[in-house]
Amino acid sequence: VVQRRVALVGQVFDLGVPAGQTTVTVTGESVADAVSILTDDQGRFVVAELGEGTYDVSARRELRAALVPRVARLGAGPFAPVRVELSRAARLEGRVADGDGGPIASAIVRLEPALGQGAVRTADVDESGRFAVEGLVLGDYNLAVEAPGFLPAPHELLSLTQSTLYRADITLKKGAAVRGMGVDAAGGPLAHAWVVLDGTDEQGRRVKLSAGVDPRA
């Protein structure tokens, strides 16, 4: 069965004026990874060769952002263009450090919309441990921070209710590595299996980590 291909066509505006050079990101169940493009000088965008489905369309430019959720592209069409209107957005700043206050420049900060609508945002951390994410549509986000050699920070729910500056400082604890080999009853390597570590941290909070088994190991 050949799946019908569809396109998302639209235009981004800021206070009613076409917003050129705006980043538009399309996410949905029919795309494995988010698709991001820049609008033209008139704010227009086209994302072609998509499978039939329902998509979330996010847009951001500097301190302005917007989200148009649940845009359906089912059937043969025709479909009306998607109109995206930018508004004031939030900005998140913070610092990632170890228990001694030292910066963790290898950390990755990840912000995922709590309702699953819109694009996941990530930020690198500089040599001072600082990070910044701007152009955040107002709403709830799950904040996650990871770094090699450290335990992942417990997920934190951030409620961004105003178009202002928010701050989140994260402290990561050093972690140990567990290495081993997964084998079946005959002693052969296990492919496509998962190892789960379930325990508690120093403060009695439950910690659950999982990792895939490398069939080459």
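Below is a short write-up of the structure.

Cut-offs and rules
Residues numbered from 1 in each chain as written. Predicted model: local features only at pLDDT ≥ 70, side-chain atom pairs only at ≥ 80, totals over all residues. Heavy atoms only, no water. Helix = DSSP H or I, 4+ residues; strand = E, 2+ residues; numbered from the N terminus. Polar contact = N/O pair within 3.5 Å; in protein donor to acceptor, adjacent residues only side chain to side chain. Contact = heavy atoms within 4.5 Å. Pairing = 2+ DSSP bridges. Axes fitted to C-alpha atoms, helices over the stretch in contact; angles between N-to-C directions. Core = buried A, V, L, I, M, F, W, Y, C linked by side-chain atoms within 4.5 Å. Buried < 20%, exposed > 50% of the residue type's maximum accessible area, 1.4 Å probe, protein only. Salt bridge = Lys/Arg side-chain N within 4 Å of Asp/Glu carboxyl O.

1. What to know about the side chain of Thr39
Mapped onto the fold, Thr39 is located in the loop between strand S4 (35-38) and strand S5 (44-51). Of the polar contacts made by the side chain of Thr39, one reaches the backbone nitrogen of Gln21; its length is 3.0 Å. Look past the residues within four positions of Thr39 in its chain and what remains in contact with it is Val12, Ala19, Gly20, Gln21, Thr22, Val24, Arg44 and Phe45.

2. Re the sheet that holds strand S9 (residues 90-97)
Taken in spatial order, the 3 strands of this open sheet run S12-S9-S15, and their pairing is mixed. On the outer flanks of this sheet lie strand S12 (130-136) and strand S15 (165-171), each paired with one strand and no other. Across the sheet, the mean angle separating the axes of adjacent strands is 20° when strand polarity is ignored. Here 5 bridges tie S9 to S12, and the two strands are oriented antiparallel to one another. Bridge pairing links Ala90 to Leu136 in S12.

3. So, the sheet that holds strand S10 (residues 108-113)
Overall, antiparallel pairing links the 4 strands, which are arranged S11-S10-S13-S14 in an open sheet. Of all strands in the sheet, those bounded by a partner on one side alone are strand S11 (121-124) and strand S14 (156-160). Each adjacent strand pair in this sheet contributes to an overall mean axis angle of 25°, direction not counted. When S10 meets S11, the two strands line up antiparallel, connected through 4 bridges. Residue Val109 lies in a different strand from S11, and its bridge partner there is Ala123.

4. A word on the nonpolar core
Across soluble globular proteins, you tend to see nonpolar side chains buried next to one another. If you look at the biggest cluster of nonpolar residues, it comprises 24 residues, and the most contacted ones within it are Val96, Val145 and Leu172. Going through the elements one at a time, S9, S10, S12, strand S13 (139-146), S14 and S15 are the ones with two or more residues in this core. Residues within four places of Val145 in sequence aside, it is in contact with Val96, Ala107, Ile108, Val109, Pro152, Ala153, Ile170 and Leu172. Counting residues in hydrophobic clusters, the runner-up holds 18 residues, among them Leu8, Leu50, Val84 and Leu86.

5. Here we look at the pattern of salt bridges
Between side chains of opposite charge, a pair can form when the charged atoms approach closely. Counted by the stated rule, this structure contains 10 salt bridges. Taking the shortest distance from any N to any O, the salt bridge between Glu52 and Arg4 comes out at 3.2 Å. Pair noted here: Glu52 is in the loop between S5 and strand S6 (53-61) and Arg4 is in the segment before strand S1 (5-14), with a separation of 48 residues, a long-range link. When the shortest N-O distance is used, the salt bridge between Glu85 and Arg83 registers 3.5 Å.

6. Remarks on the environment of Ala147
Position of Ala147 relative to the elements: it lies in the loop between S13 and S14. Residues Ala147 and Arg70, spaced 77 residues apart in sequence, show a C-alpha to C-alpha distance of 33 Å. When near neighbours in sequence (up to four residues on either side) are disregarded, Ala147 contacts Ile104, Ser106, Ala107 and Leu172.

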